[in-house]
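Each chain is listed here by its residues.
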Amino acid sequence: MWSSLNEWLWQERFWLPPNNSWAELEDRDGLVFAHPQDMLMALPLALALVAVRYVFERFVGVPLSRLLGVRNQRKQPAKPNATLEKHFLSGGWKPTEPQMSLLATQCGLTLRQTQRWFQRRRNQERPCLTKKFCEASWRFTFYLCAFIGGVSVLYNESWLWAPVMCWESYPQQPLKPALYHWYLLELSFYISLLMTLPFDIKRKDFKEQVAHHVVTITLIMFSYSTNLLRIGSLVLLLHDSSDYLLEACKLFNYTHWRRVCDALFIIFSLVFFYTRLVLFPTQILYTTYYESIAQSGPFFGYYFFNALLMLLQLLHVFWSCLILRMIYHFMKKGQMEKDIRSDVEESDSSDGEVAQECLPLKNGAAHQPGAAPTDGPRIRATGQLAKGPPAAT
């Protein structure tokens, strides 16, 4: 059964253009071609990258954050409360007003005290600034190295400057060792990101991030298996060209270097829009949709590959809208305040202020140690004397 399934899955009409066979892609005469089983090396390499990331964040990211003055905000812990904790853990991070009133009644608290408890409990779940800095520093380091490595691998290749050359003699295009190692490293990195995603900082575009990683991994594996390495390498390089700028912008934002952060944000936005909304559709999508079948007819792999690229382009449009929102706030307020995908901590007042706001009322007056009463016989007498003697009857 496994043999039959394997034979059906790797049918040439699925993966290769018409009139081509797997036999033509066997290594011969000193020429090496891409083979799907080569991608199995990405799994142990992904685990190795997870370990390297842990070491990097602990021994490089944390000391660097302290050196650059990154300070975690002090969080006031919420007082233990079984009823509120149960509601919080069941998914009620932000209860509605009726739910908040009901919980306050059940716990014998005021509405304000209950609101404050949920504020502090939410802040406890939010990651500290040092963790954000360490994650961004790791991604910045990898993206920058990957971009430099990609440029060095592709700089002397003809298809970097003329994407139509991606289809010259396709699929019989030999695999170069440098391109293989760079491709394998990129695949391993995205697999490692997918593995650590549940433990990383969860942002508002979490679902889109998962979709992006899945699409990217599928594209890399499919392009390698079908020897679409040339066009696949252009897609990878195009994405790496702006990703390291985004991570650098985050790093300077966490260190409160506002001017550097704002300048990098503008540069990142220009590079992102140009590469993702101009180059990607006009160069990548155009050549895969039209020029790829100029010498042969379409096949299943042609439709599948273009569908994945179109899905990737939709994600580009989604993130472009987020960036435009950030640019709007930037122009309105004069600086980039935060990444709109992040979940920021809520402000928390001092305990004294909380106590003053949440004092129980008795006869319309708030009672607390040292507080002057606002009503009573002496106060009424004093007010009467201040007005003067009562009029004679």
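Predicted, not measured: the structure shown is a model, and the values here were computed from it.

Before going further, it helps to examine the pattern of salt bridges. Applying the stated criterion to the full structure yields nine salt bridges. The closest approach of N and O atoms between D200 and R53, which form a salt bridge, is 2.8 Å. Taken as a pair, D200 in the loop between α9 (177–196) and α10 (206–225) and R53 in helix α3 (residues 42–67) lie far apart in primary sequence, 147 residues in all. You'll find D200 and R53 in the same group, each marked buried. A salt bridge links E135 to R139; the shortest N-O distance between them is 3.7 Å. Here R139 and E135 lie together in helix α7 (residues 129–154), a separation of four residues that amounts to about one turn. We note that E135, like R139, is buried. Salt bridges linked by common partners bring R53, E57, K131, E135, R139, D200, E247 and K250 together as one network.

Enumeration over the complete set of coordinates arrives at 27 aromatic pairs. A centroid spacing of 4.5 Å and a plane angle of 20° characterise the contact between W10 and W15, whose relative ring orientation is stacked. On the basis of relative accessibility, which here comes to 14%, the residue W15 falls in the buried class. A centroid spacing of 4.8 Å and a plane angle of 80° characterise the contact between Y289 and Y290, whose relative ring orientation is edge-to-face.

L179, W182, Y224, I231, F280, I284 and L309 are the most contacted members of the largest nonpolar core, which has 71 residues in total. Put simply, the parts of the chain that give this core at least two residues each are α2 (12–15), α3, α7, α9, α10, α11 (229–254), α12 (258–289) and α13 (300–333). Residues in contact with W182, not counting those within four places in the same chain, are A146, G149, G150, V153, L154, S233, L236, L237 and D240.

Moving on to the state of the cysteines. Inspection of the entire model under this criterion finds zero disulfides. C261 forms no disulfide, and the closest cysteine sulfur to it belongs to C249, at a distance of 3.7 Å.

Bringing unusual backbone geometry into the picture now. With an omega of 10°, the peptide bond running from Y170 to P171 counts as cis. In this fold, P171 is placed in the loop between α8 (158–161) and α9. For N227, which is not a glycine, the phi torsion comes out positive at approximately 60°. Topologically, N227 is positioned in the loop between α10 and α11.

Parameters at a glance
Per chain, residue numbering runs from 1 following the sequence as it is written. Owing to the predicted nature of the model, reporting of local features is limited to residues with pLDDT of at least 70; listing and counting of side-chain atom pairs is limited to 80 or more, with chain, interface and lining totals taken over all residues. Excluding hydrogens and water, the side-chain figures rest on all heavy atoms present in the structure. What makes a salt bridge here is a side-chain nitrogen of Lys or Arg within 4 Å of a carboxyl oxygen of Asp or Glu, nothing more. Per the convention used, a helix needs a DSSP run of H or I reaching at least four residues, while a strand needs a run of E reaching at least two, with both numbered from the N terminus. For every residue, the accessible area obtained with a 1.4 Å probe (protein chains only) is divided by the maximum for its type, and the residue is called buried under 20%, exposed over 50%, and partly exposed between those limits. Planes of paired rings set the category: under 30 degrees apart is stacked, over 60 is edge-to-face and the rest tilted, where pairs are Phe, Tyr or Trp rings (Trp by its six-membered ring) whose centres lie within 6.5 Å. What makes a nonpolar core is a set of buried Ala, Val, Leu, Ile, Met, Phe, Trp, Tyr and Cys residues whose side-chain atoms join them at distances within 4.5 Å. Here, residues are in contact when the closest pair of their heavy atoms is within 4.5 Å. Sulfur atoms of two cysteines make up a disulfide when they are within 2.5 Å.

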